[in-house]
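# Fold and contact review
One-letter residues, chain by chain:
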Amino acid sequence: MKAIIYILILLYSIPATARESINIKDFDLNKETVCLIQTIYFEARGEDSIGQLGVATVVMERVNNKKFPNTICKVVRDGRYWKGNPVRNRCSFSYWCDGKSEKMYDHEAFEAAIEVSYLIAQGVRLGTVKGATHYHAYYVRPRWSHKMKHIFTSGKHLFYKEKK
């Protein structure tokens with residue numbers, strides 16, 4: 001809690017016009033929280049809080065599902081690797097292996113990701129995506145999507161769970 005308050009104070013003291021990247025290592029956060037904040041930021045920063053909470057809920061659904069790794073970082077970094085590096089576009093969460101920079105510049109989006117990660121840490125989940133282990137942006141059609149049940153759409157994201 002103390003770290004979250006520190007982060008918010010620091011963010012409000014940064015001018016809105018600043019284009020310096022945010023160094024998440026400057027904050028007193030554990031590794032799992034950092035992984036969740038990055039996932040929310042890079043996967044859903046253009047979404048409203050419902051869409052961001054949906055993405056974070058999917059991460060947590062995977063963490064709690066025996067078919068997936070059991071930590072946030074392992075879930076979001078899951079995918080194919082070659083010589084210790086993620087293979088481009090072969091990850092469960094596209095930001096991790098899309099070849100783009102992992103630098104964060106949007107201070108408002110970073111703050112929103114922190115707020116959503118705080119809610120997740122308090123046990124909040126988006127009920128409409130309960131059981132969802134997958135999502136994708138509306139403009140792509142992953143090959144797995146036809147095998148799953150679409151349960152919710154928020155902004156640009158469609159959420160799915162396994163068919164029974």
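The present account deals with the structure reproduced in this document.

Rules used throughout
- Residues numbered from 1 in each chain as written.
- Predicted model: local features only at pLDDT ≥ 70, side-chain atom pairs only at ≥ 80, totals over all residues.
- Heavy atoms only, no water.
- Axes fitted to C-alpha atoms, helices over the stretch in contact; angles between N-to-C directions.
- Helix = DSSP H or I, 4+ residues; strand = E, 2+ residues; numbered from the N terminus.
- Parallel < 35°, antiparallel > 145°, perpendicular 65-115°, else oblique.
- Left-handed = near helix turned anticlockwise from the far one by under 90°.
- Contact = heavy atoms within 4.5 Å.
- Nonpolar A, V, L, I, M, F, W, Y, C, P; charged D, E, K, R; others polar.
- Salt bridge = Lys/Arg side-chain N within 4 Å of Asp/Glu carboxyl O.
- Buried < 20%, exposed > 50% of the residue type's maximum accessible area, 1.4 Å probe, protein only.
- Pairing = 2+ DSSP bridges.
- Patch = residues over 30% accessible without salt bridge, like charges linked within 9 Å, V, L, I, M, F, W, Y side chains within 5 Å.
- Areas by Shrake-Rupley, 256 points an atom, 1.4 Å probe, with all protein chains shown as cover.
- Lys, Arg positive; Asp, Glu negative; His and termini not counted.
- Charge placed at Lys NZ, Arg CZ, Asp CG, Glu CD.
- Core = buried A, V, L, I, M, F, W, Y, C linked by side-chain atoms within 4.5 Å.
- 1 Å grid on protein atoms, 1.4 Å probe; cavity = no way out; pocket = protein on both sides within 12 Å on 5 of 7 lines; lining within 4 Å.
- Points joined across faces, edges and corners; volume = space filled by probe spheres on them.

## Some thoughts on the packing of helix α2 (residues 31-44) against helix α3 (residues 49-63)
- Between α2 and α3, whose axes approach to 10 Å, the crossing angle comes to 130 degrees. Taken together, the axes of α2 and α3 lie oblique to each other. Crossing of α2 against α3: the hand is right-handed. Contacts from L36, T39, I40, E43 and A44 in α2 reach G51, Q52, V55, A56 and V59 in α3.
- Per-class residue counts for the contact of α2 with α3 are six nonpolar, three polar and one charged.

## Digging into the pattern of salt bridges
- This structure, assessed with the given rule, holds one salt bridge.
- In this structure, K67 engages E162 in a salt bridge whose closest nitrogen and oxygen atoms are separated by 2.9 Å. Here K67, found in the loop between α3 and α4 (72-76), pairs with E162, found in strand β5 (residues 157-162); they are 95 residues apart in sequence, far enough to count as distant.
- Relative accessible area serves as the criterion here: at 60%, K67 is assigned to the exposed category.

## Looking at the sheet that holds β5
- Strand order in the open sheet formed by three strands is β3-β5-β4, and the pairing between neighbours is antiparallel. If you trace the sheet from one side to the other, it starts and ends with β3 (134-137) and β4 (148-154), each paired once. Ignoring which end each strand starts from, the neighbouring axes of this sheet average 30 degrees apart.
- Strand direction decides the pairing type here: β3 and β5, joined by four bridges, are antiparallel. The partner of H136 across the bridge, within β5, is L158.

## A look at a positive patch on the surface
- A cluster of basic side chains, namely R80, R90, R143 and K147, defines a positive patch on the protein surface.
- Considering the arrangement of structural elements, one finds R80 in strand β1 (residues 79-82).

## Regarding the nonpolar core
- Membership of the largest hydrophobic core comes to 38 residues, with the highest contact counts inside it found for I24, V59, F110 and F159.
- Sequence-distant contacts of I24, defined by excluding residues within four places in its chain, comprise L29, V34, I37, Q38, M104 and F110.

## As for unusual backbone geometry
- The phi dihedral of K83 falls on the positive side, at around 55 degrees, and the residue is not glycine.
- As for its placement among the helices and strands, K83 is situated in the loop between β1 and β2 (85-91).
- Despite not being glycine, N89 shows a phi value in the positive range, around 60 degrees.
- With respect to the element layout, N89 can be found in strand β2.

## Here's the deal with the layout of surface pockets
- In this structure, the largest pocket spans a volume of roughly 1,400 Å³.
- Around the largest pocket sit 38 residues that line it, and E43, S92, F93, S94 and Y95 are the ones nearest its centre.
- The set of elements that each furnish at least two residues to the lining of the largest pocket consists of α2, α3, β1, β2 and β3.
- When grouped by side-chain class, the residues that make up the lining of the largest pocket number 15 nonpolar, 10 polar and 13 charged.

## Some points on the packing of α2 against helix α5 (residues 107-121)
- Two numbers describe how α2 lies on α5: the axes approach to 8 Å, and their chain directions differ by 125 degrees. Classified by the angle their axes make, α2 and α5 are oblique. Note that α2 runs across α5; the crossing there is right-handed. On α5, the residues that touch T33, L36, I37, I40 and Y41 of α2 are A109, F110, A113, I114, V116, S117 and I120.
- Here the contact of α2 with α5 is built from residues that sort into 10 nonpolar, two polar and no charged.

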